[in-house]
Amino acid sequence: MNPESFNELARNRRSTFPDQFAEGSPVDDAIVQEIVTNALWAPNHGKAEPWHFTIFSGEGLKTLSTWQSELYKETTPDNFKEATYLKLQKQPLQASHVIALCMKKTPNKNIPEWEDLAAMGAAVQNIYLGVTAYGLGGYWTSGGVTSREKAKEYFNLGPDDKLMGFFLLGHVAIPSTGAKRQPFDEKVTWVRS
Ligand SMILES: Cc1cc2nc3c(=O)[nH]c(=O)nc-3n(C[C@H](O)[C@H](O)[C@H](O)COP(=O)(O)O)c2cc1C
């Protein structure tokens, strides 16, 4: 690793969505274990390590597909959309692995929630970078049943914990293109004196 290769990794990391995955070619569990191990090494305040990851693979993806689509149906009495139901069924089956991203609030009262959430963001960025380094693709989704209170039960989360969505990953069939960022000077200010 040299600085230039890290710069390239950080800047060329892109979200890759399930329709872009090469279906039916699973990533080795050992690689996913390495990628998630990187998440465990993310910075976190007070040694809280405020995360738990549940990894769905193989037949587990069918379990996720059924569970999340049925939970969506059950908890959407008014605004139910068939397209969303079908998407929640389909997406896990397009992925090689899906990682549920759970924040476990540290009991340390001196550490506010935002710090645990920020640590989760750092952990997921490590997942993103690892996925990119292994030549794979993936994306973080906060949609679907993420915000449903009932989804927390499935992952044994308490009232102060949070389900922060899912990271879907797989081999890439169609790479992402066309990413843009605002210029440096628009987003950054120096203080030099
Ligand atoms: C906290 C968070 C939640 C996200 N949730 C979604 C989502 O629900 N659906 C989606 O399509 N993309 C989601 N994304 C991915 C963004 O769409 C993606 O990062 C953005 O388009 C920038 O593209 P890039 O990751 O290739 O730089 C999420 C990203 C973050 C950081």
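Note that this is a predicted model, so its numbers are computed, not measured.

## Thoughts on unusual backbone geometry
Among all residues except glycine, the phi angle is most often negative; among peptide bonds, the trans geometry is most common. Even without being a glycine, K47 presents a positive backbone phi close to 50 degrees. Among the structural elements, K47 can be located in the loop between α2 (29-40) and β1 (51-57). Residue E49 is not a glycine yet carries a positive backbone phi of 40 degrees. Within the element layout of this structure, E49 appears in the loop between α2 and β1.

## With respect to the site of the ligand
Neighbouring residues of the ligand: R13, R14, S15, F17, Y128, Y139, W140, T141, S142, G143 and R181. In the environment of the ligand, a nitrogen atom lies 2.9 Å from a nitrogen or oxygen atom belonging to the side chain of S142. Residue G143 places a main-chain N or O atom 3.4 Å away from an oxygen atom belonging to the ligand. Considered on its own, the ligand offers 610 Å² of accessible surface; in the complex 56% of this is hidden by protein.

## Considerations on α2
Because an α-helix completes one turn every 3.6 residues, residues spaced three or four positions apart along the sequence face the same direction. Compared with the 16 Å implied by 1.5 Å per residue over 12 residues, the 16 Å span of α2 between its first and last C-alpha is a close match. Inspection of α2 places V32, I35, V36 and A39 among the buried residues, and these make up the whole buried set. The arc that holds every buried residue of α2, seen down its axis, measures 90 degrees, which confines them to one face. In α2, the exposed residues that point more than 90 degrees away from the buried face are A30 and Q33. Elements in contact with the buried residues of α2: β1, β2 (97-103), α5 (113-133) and β4 (162-170).

## Structural notes on the sheet that holds β2
Read across the open sheet, the 4 strands follow the order β1-β2-β4-β3; overall the sheet is antiparallel. Single-partner strands in this sheet number two, and they are β1 and β3 (137-141). Between one strand axis and the next, the sheet turns by 20 degrees as a mean value, whatever way the strands run. Where β1 lies against β2, 7 bridges are found, and the strand directions are antiparallel. Residue pairing across strands places H52 opposite C102, the latter belonging to β2. Contacts from α2 reach β1, β2 and β4, with the element oriented near 165 degrees to β1.

Cut-offs used in this document
- Residues numbered from 1 in each chain as written.
- Predicted model: local features only at pLDDT ≥ 70, side-chain atom pairs only at ≥ 80, totals over all residues.
- Heavy atoms only, no water.
- Helix = DSSP H or I, 4+ residues; strand = E, 2+ residues; numbered from the N terminus.
- Near = heavy atom within 4 Å.
- Polar contact = N/O pair within 3.5 Å; in protein donor to acceptor, adjacent residues only side chain to side chain.
- Areas by Shrake-Rupley, 256 points an atom, 1.4 Å probe, with all protein chains shown as cover.
- Expected span 1.5 Å × (residues − 1).
- Buried < 20%, exposed > 50% of the residue type's maximum accessible area, 1.4 Å probe, protein only.
- Arc of directions from axis to C-beta.
- Contact = heavy atoms within 4.5 Å.
- Pairing = 2+ DSSP bridges.
- Axes fitted to C-alpha atoms, helices over the stretch in contact; angles between N-to-C directions.

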